[in-house]
Amino acid sequence: PGNKTFGRIQGWMDNLPEGKRANWLIGSESSSRVGGRLRARAVNLVFMLLPGTPMAYYGDEIGMADVNGVSTSPMQWNTTDNAGFTDPGVTPWSAVAPDYATVNVETQKKSNSSLLQVFMAAATLRDEPAFQWGGFDNALTTANVLSFKRTHDGATSYLVAANLGSTE
């Protein structure tokens, strides 16, 4: 996953028209959710810190998974009936994931190590000059590890590293 992913990213960046920004989408209603994949935390971190504009599919920031093979289940806001998506007694169009009691916005806001908190920290990092205007260079990429540098003259530089493999 590391080498392959970096190759795809670099290929996209190399073919981007001059003066244009990349946009990144890792989830949609027609693909499996990030939360249902291995390494959702690593994938979200990389996604948020690439050059360009990240566009998250609702629920990817908390690690929502597909329900019965469908990625369009209701947003999981809290631990109440229907995950807070509808009023009690109102049935949503699709089933709520059975893990909504732990995978929801309200619960993850309270945990410093939750996927939502990592996502929000990465969003805050995007305010740094290295992420707004900086370069994008390969650091070390292996079969499992993807890493890249984000640098901008006179600003703090960053090394982003993520294990995208199936083992730790």
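First things first, this report covers the structure right here in the doc. (Residues numbered from 1 in each chain as written. Predicted model: local features only at pLDDT ≥ 70, side-chain atom pairs only at ≥ 80, totals over all residues. Heavy atoms only, no water.)

1. Let's talk about the overall build of the chain
Move 1: A count of helical and extended segments in the chain gives five helices and five strands.
Move 2: In the chain, the succession of helices and strands from N to C terminus is α-β-α-β-α-α-α-β-β-β.
Move 3: Expressed along its principal axes, the backbone C-alpha trace of the chain runs to roughly 55 × 35 × 30 Å.
Move 4: The burial tally for the chain puts 38% of its 168 residues in the buried class.
Move 5: Pairs at least 24 apart in sequence give 53% of the contacts found in the chain among residues at least 6 apart.
Move 6: Carbon together with sulfur atoms contributes 53% to the accessible area of the chain, which is approximately 9200 Å² in total. (Helix = DSSP H or I, 4+ residues; strand = E, 2+ residues; numbered from the N terminus. Buried < 20%, exposed > 50% of the residue type's maximum accessible area, 1.4 Å probe, protein only. Contact = heavy atoms within 4.5 Å. Areas by Shrake-Rupley, 256 points an atom, 1.4 Å probe, with all protein chains shown as cover.)

2. Observations concerning the sheet that holds strand S5 (residues 158-163)
Move 1: An order of S3-S4-S5 is seen for the three strands of this open sheet, with the pairing classed as antiparallel. Looking at the sheet topology across the chains shown, the edges are occupied by strand S3 (135-138) and S5. Averaged over all pairs of adjacent strands, the angle between strand axes in this sheet comes to 25°, irrespective of strand direction.
Move 2: Judged from the six bridges that link them, strand S4 (residues 145-151) and S5 form a sheet pairing that is antiparallel. Residue Ser147 lies in a different strand from S5, and its bridge partner there is Ala161. (Pairing = 2+ DSSP bridges. Axes fitted to C-alpha atoms, helices over the stretch in contact; angles between N-to-C directions.)

3. Re the side chain of Ser73
Move 1: Tracing the backbone through its elements, the reader meets Ser73 in the loop between strand S2 (53-55) and helix H3 (105-109).
Move 2: Looking at Ser73, the relative accessible area reads 0%, which means it is buried.

4. Topic: the nonpolar core
Move 1: Counting 19 residues, the largest nonpolar core has Ile9, Val46, Leu50, Leu146 and Phe148 as the members making the most contacts within it.
Move 2: Counting residues per element, the ones that place at least two in this core are helix H1 (2-14), helix H2 (40-49), helix H4 (115-125), S4 and S5.
Move 3: Per element, the largest residue contribution to this core is five residues, and it comes from H2.
Move 4: Dropping the residues within four chain positions of it, Leu146 is found in contact with Gly2, Thr5, Phe6, Ile9, Val46, Leu140, Thr141, Val160, Ala161, Ala162 and Leu164.
Move 5: Ile62, Met64, Val105 and Leu116 belong to the second-largest nonpolar core, a separate cluster that totals six residues. (Core = buried A, V, L, I, M, F, W, Y, C linked by side-chain atoms within 4.5 Å.)

5. Thoughts on the environment of Met55
Move 1: Structurally, the position occupied by Met55 is in strand S2.
Move 2: In this structure, Met55 is in contact with Asn23, Trp24, Leu25, Ile26 and Phe47, ignoring residues within four places of it in sequence.

6. Some thoughts on the side chain of Gln108
Move 1: Relative to the helices and strands, Gln108 resides in helix H3.
Move 2: Side-chain polar atoms of Gln108 contact the backbone nitrogen of Leu116, separated by 2.9 Å.
Move 3: Excluding residues within four positions of it along the chain, Gln108 makes contact with Glu61, Ile62, Thr102, Val103, Ser114, Leu115, Leu116 and Gln117. (Polar contact = N/O pair within 3.5 Å; in protein donor to acceptor, adjacent residues only side chain to side chain.)

7. A closer look at H2
Move 1: In terms of burial, H2 is largely enclosed, as seven of its 10 residues are buried.
Move 2: Inspection of H2 places Ala40, Ala42, Asn44, Val46, Phe47, Met48 and Leu49 among the buried residues, and these make up the whole buried set.

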